[in-house]
Structure formats: C-alpha cells, structure tokens
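Notes for the structure review
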Amino acid sequence: MDGKYADPIDPALPPTGFALDLKRAALVVVDPQIDFLSPQGVSWPVFGASIVEHDTVGNIGRLFVAAKEAGITVAVSPHYYYPCDHHWKFGGPLEKLMHKIGMFDRKGPLTLEDFEGSGADFLQEFKHFIYDGKTIIASPHKVFGPETNDLALSLRKQGVSQIILAGMAANLCIESHLRELIEQGFEVVVVRDATAGPKLPEGDGYLAAIVNFRFIANALWTTSELISIVNELTLKNRA
C-alpha cells in the first residue's frame, strides 16, 4: 500500500509471529450494510471516497468467497437501531449523527417490515453468502463494539480463537471490535483494504485506524495476502 497509508520502512514494533490456523479461524464482517457500503446509503457522503479508494466492497466479497471455499466459520456483526433507541438520553457525536440521518433504522426488533432494501439491509451482492444457513448473524451491536451482542459467544461455540476482521468502519466499529475481541482472548487479523473510514474536517478516520491497527492487531494484511495464505493452507490441508 503506497502513500500516507504505507507501513513504515523500518518499524519499531516487533512481529507477533502470528500463524493462521483454518481450523480455529473465522471471518467476521462488521456492518456489511447498505447505509455504509452503497451510494444509496445515508453515510455515503462521509465514507464513499474511502470505500472507492480501497475497493472495500470488492475486497469484502473476495473474503466471503475465500472463507466459504475454505470451509471456515463466517460471522456478521450488524448494526441496527429500533424506534426505542432514538429516545436515548445521551450519546457521542457520531451516535447523534447516526440517529439524525436514520442510519441502520428498523421498524422494530421483531419485524422485518420495510427492511428489504433499506439502509439497514445487507448489501445485495453479499446476501447469498450471509443467507446460506451457515453464516452466523449476530445480534446487533448498538454503538461500536461487540460488547452488546452475542458475537463472541457464537464464535466460541464454533471453537473459534482466531478472527479475520473486515467491514465498516475502520476507526469506529472495526477498531472497537478489534479491541474487545483481543480483550476476550482472540487473535485478530485486520484486513486493511476490506475496510474504509470517514473523511471529515475532523480528520481521516482510515489513517487513524491504520496507525492503531499496527499497534494492536496480531496481523495487518491486505485481502490478497490473506487469500494467498488461506489458499496455501487449504491446499496443504487437503494434501
């Protein structure tokens, strides 16, 4: 990766020695939803430039294909807001914005009324992976991290201890999932070009995330690097 997002030529931090084990690994895709990843989504003006720059949608799709072909666990951690959530008494700046623009809105937790094609719905090109009867669809996280959903439990029940992390958004839900899953004892690889960040006067969220990923993640790989490793391990396991 070139330019301001490139890794340092002479890094100070030591390598972790992380080795991917397909028998213990899962692909976790955070918020693969229209409101983030489609030009029709309400947040596209904030995230669209970064999504296009990194080919985030295409790379997430490639990860879904690789994970399904390798037979590893796949999970989705979605973000939903119900009418009652709009009565929260306080929130951070981004929470305020999301509620204001109706991001991830659903009619209620027990209904799919008006869900199909809404901003809360999954991107159409990902649905055949997500709705294959094998993918874990976790309960919704409500702010940024998975502390409020059942993702970790669902992964533990599948014997997962390593996570390939992708989705949206880099400095928000991805970084929050990374931090919490590390605290929960998982090894976490972040796929750097299968995410994207906001670009606002406040700063470049993708750049902020990449810096922290280098400090926190067990590995930071591109989609191509990850797929190459998965394919190599798959062939080795079949030999």
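Along every chain, residues carry numbers that run from 1 in the direction the sequence is written. Residues qualify for local features only when their pLDDT is at least 70, as the model is predicted, and side-chain atom pairs are given and counted only at 80 or more; totals for whole chains, interfaces and linings, by contrast, use all residues. Side-chain numbers here rest on the full set of heavy atoms in the structure, without hydrogens or water.

**Description of the overall build of the chain**
Short version of the rule: A run of DSSP states H or I qualifies as a helix once it reaches four residues; a run of E qualifies as a strand once it reaches two. Both are numbered from the N-terminal end. As a reference, a globule follows 2.2 Å times the number of residues to the power 0.38, and the radius of gyration itself is taken over C-alpha atoms. Classification of residues uses two cut-offs on accessible area relative to the type maximum, computed with a 1.4 Å probe and protein chains only: under 20% is buried, over 50% is exposed, and between them is partly exposed. Working definition of accessibility: Shrake-Rupley area with a 1.4 Å probe, residue cover restricted to the visible protein chains. The charged-residue count follows a simple rule in which Lys and Arg add positive charge and Asp and Glu add negative charge, with His and chain termini not counted at all. By convention, charge coordinates are those of NZ in Lys, CZ in Arg, CG in Asp, or CD in Glu.
Regarding its fold elements, the chain presents nine helices and eight strands. Here the C-alpha atoms of the chain give a radius of gyration of 17 Å, agreeing with the 18 Å that 2.2 N^0.38 yields for 239 residues. Seen through its C-alpha atoms, the chain measures out along the principal axes to roughly 50 × 40 × 30 Å. In the chain, which comprises 239 residues, the share counted as buried stands at 52%. Put simply, the chain shows about 11500 Å² of open surface, and 56% of that area lies on carbon and sulfur atoms. In the chain, which carries 21 positive and 29 negative side-chain charges, the distance between the mean positions of the two groups comes to 4 Å.

**Let's talk about the side chain of His79**
Our working definition: Nitrogen and oxygen atoms within 3.5 Å of one another constitute a polar contact, given that in protein one can donate a hydrogen and the other can accept it, and given that sequence-neighbouring residues count only through two side-chain atoms. Any two residues whose heavy atoms approach within 4.5 Å at even a single point are treated as in contact.
As for its placement among the helices and strands, His79 is situated in the loop between β2 (73-77) and α4 (93-101). On the basis of relative accessible area, His79 is assigned to the buried category, the value being 1%. Within the structure, His79 has its side chain in polar contact with the side chain of His141 (distance 3.5 Å). Side-chain polar atoms of His79 contact the backbone oxygen of Lys142, separated by 3.3 Å. Residues in contact with His79, not counting those within four places in the same chain, are Asp31, Gln33, Met98, Phe104, His141, Lys142, Val143 and Cys173.

**Looking at the sheet that holds strand β8 (residues 219-221)**
Selection rule: At least two DSSP bridges between two strands are required for those strands to pair. Here the axes come from fitting lines to C-alpha atoms, over the contacting stretch only for helices, and the angles between their N-to-C directions go from 0 to 180 degrees.
Across the sheet, six strands lie side by side as β3-β2-β1-β4-β5-β8; this open sheet has parallel pairing. Both outer strands of the open sheet, β3 (136-137) and β8, are each paired with one neighbouring strand and no more. The pairing of β2 with β3 spans two bridges and is classified as parallel. Across the sheet, residue Val76 finds its bridge partner in β3, namely Ile137. Helix α9 (residues 223-238) rests against β4 (162-167), β5 (187-191) and β8 of the sheet, and its axis sits at about 105 degrees to β8.

**Quick look at the pattern of salt bridges**
Rules: One speaks of a salt bridge when a side-chain nitrogen belonging to Lys or Arg is within 4 Å of a carboxyl oxygen belonging to Asp or Glu.
Going through the model one piece at a time under the given rule, you end up with twelve salt bridges. Salt-bridge contacts for Glu187 lead to Arg24; the nearest nitrogen and oxygen are separated by 3.9 Å. One end of the pair, Glu187, is in strand β5; the other, Arg24, is in the segment before β1 (25-30), and 163 residues separate them in sequence. The closest approach of N and O atoms between Glu53 and Lys199, which form a salt bridge, is 3.1 Å. Here Glu53 is found in helix α2 (residues 44-54), whereas its partner Lys199 is found in strand β6 (residues 199-200), with 146 residues between them in sequence. Each of Asp7, Arg192 and Arg214 takes part in a single network of salt bridges with overlapping partners.

**A few points about a nonpolar patch on the surface**
Threshold: In this scheme, patches are assembled from residues that exceed 30% relative accessible area and form no salt bridge. Like charges are connected within 9 Å, while nonpolar side chains (Val, Leu, Ile, Met, Phe, Trp, Tyr) are connected within 5 Å.
Nonpolar side chains collect at one region of the surface, where Leu13, Val211 and Phe215 lie side by side and expose about 290 Å² of accessible area between them. On the secondary structure map, Leu13 appears in the segment before β1.

**Quick look at the environment of Glu125**
With respect to the helices and strands, Glu125 occurs in the loop between α4 and α5 (127-130). Taking the relative accessible area as the measure of exposure, Glu125 reaches 44% and is therefore partly exposed. A C-alpha to C-alpha distance of 9.1 Å links Glu125 and Val57, two positions 68 residues apart in sequence.

**Quick word on the side chain of His141**
Residue position: His141 is located in the loop between β3 and α6 (151-157). What makes His141 buried here is its relative accessible area of 0%. For His141, the side chain forms a polar contact with the side chain of Ser77, separated by 3.1 Å. Discounting residues that sit within four places of it in the chain, His141 has contacts with Val30, Asp31, Ser77, Pro78, His79, Tyr80, Thr148, Asn149, Cys173 and His177.

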